[in-house]
Amino acid sequence: MQIFTCPFCGPRDEREFHFAAEAGKTRPDTTRQIDAETWATYLHAQRNDKGRTREVWMHLPCAELFLMERDSVTMKVFSTQPLRKEPQ
């Protein structure tokens, strides 16, 4: 078992967390027509980088999203930080 640190709740069991997205991935502009290929690429194409990565995660009990910087090979977590300015 691995311990992740939620910036809002502190250290918790990894089973309380859910991977949400790659950090920096830009959603297509949904105010305009989007072709199926563009939408499918956004939803399903992952960089799957090896080594140090930045990802968006959700802590399920508090439902907060945050940024986690970790090594995708060793699973070492370097940092976590909230995506909003002030934790509530």
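Residues numbered from 1 in each chain as written. Predicted model: local features only at pLDDT ≥ 70, side-chain atom pairs only at ≥ 80, totals over all residues. Heavy atoms only, no water.

*Asks:* Would you mind going over unusual backbone geometry with me for this structure?
*Replies:* Among all residues except glycine, the phi angle is most often negative; among peptide bonds, the trans geometry is most common. Positive phi values are uncommon outside glycine, yet alanine 63 reaches one of about 60°. The topology assignment puts alanine 63 in the loop between β4 (52-59) and β5 (64-71). On the basis of relative accessibility, which here comes to 48%, the residue alanine 63 falls in the partly exposed class. Even without being a glycine, methionine 75 presents a positive backbone phi close to 70°. Secondary-structure assignment places methionine 75 in the loop between β5 and β6 (77-82). (Helix = DSSP H or I, 4+ residues; strand = E, 2+ residues; numbered from the N terminus. Buried < 20%, exposed > 50% of the residue type's maximum accessible area, 1.4 Å probe, protein only.)

*Asks:* I keep staring at the pairing of β6 and nothing clicks. Help me out?
*Replies:* Where β5 and β6 come together, five bridges link them in antiparallel fashion. Bridging from a neighbouring strand, arginine 70 pairs with valine 77 of β6. With antiparallel pairing between neighbouring strands as the criterion, β5 and β6 make up a hairpin whose turn holds five residues, including methionine 75 at a positive phi of roughly 70°. (Pairing = 2+ DSSP bridges.)

*Asks:* Is there a simple way to explain the sheet that holds β6 in this structure?
*Replies:* The strands making up a sheet associate through backbone hydrogen bonding, with each pair oriented either parallel or antiparallel. Spatial strand order, β3-β4-β5-β6: four strands in an open sheet with antiparallel pairing. The sheet is open, and its two borders are formed by β3 (17-22) and β6, each paired with just one other strand. Strand-to-strand twist of the sheet, defined as the mean angle between neighbouring strand axes without regard to direction, takes the value 35°. With five bridges connecting them, β3 and β4 associate as antiparallel partners. The partner of phenylalanine 17 across the bridge, within β4, is histidine 59. (Axes fitted to C-alpha atoms, helices over the stretch in contact; angles between N-to-C directions.)

*Asks:* Just checking my understanding: could you explain the packing of aromatic side chains for this structure?
*Replies:* Both the distance between ring centres and the angle between the ring planes are used here to describe each pair of aromatic rings. Overall, the coordinates contain five aromatic pairs when judged by the stated rule. For the pair phenylalanine 19 and tryptophan 57, a centre-to-centre distance of 5.8 Å together with 85° between the ring planes defines the contact as edge-to-face. Placement of the pair is phenylalanine 19 in strand β3 and tryptophan 57 in strand β4, with a sequence separation of 38 residues. Under the relative-accessibility criterion, tryptophan 57 is labelled buried at 10%. (Phe/Tyr/Trp six-rings, centres within 6.5 Å; stacked < 30°, edge-to-face > 60°.)

*Asks:* Whenever I open this one, the pattern of salt bridges confuses me. Can you help?
*Replies:* Opposite charge on two side chains makes pairing possible when the charged atoms of those side chains draw close. Summed over all chains, the structure comprises eight salt bridges. In this structure, arginine 15 and aspartate 13 form a salt bridge, with 2.6 Å as the shortest nitrogen-oxygen distance. Each of the salt bridges in this network shares a partner with another, and the network as a whole consists of Glu22, Arg47 and Asp49. (Salt bridge = Lys/Arg side-chain N within 4 Å of Asp/Glu carboxyl O.)

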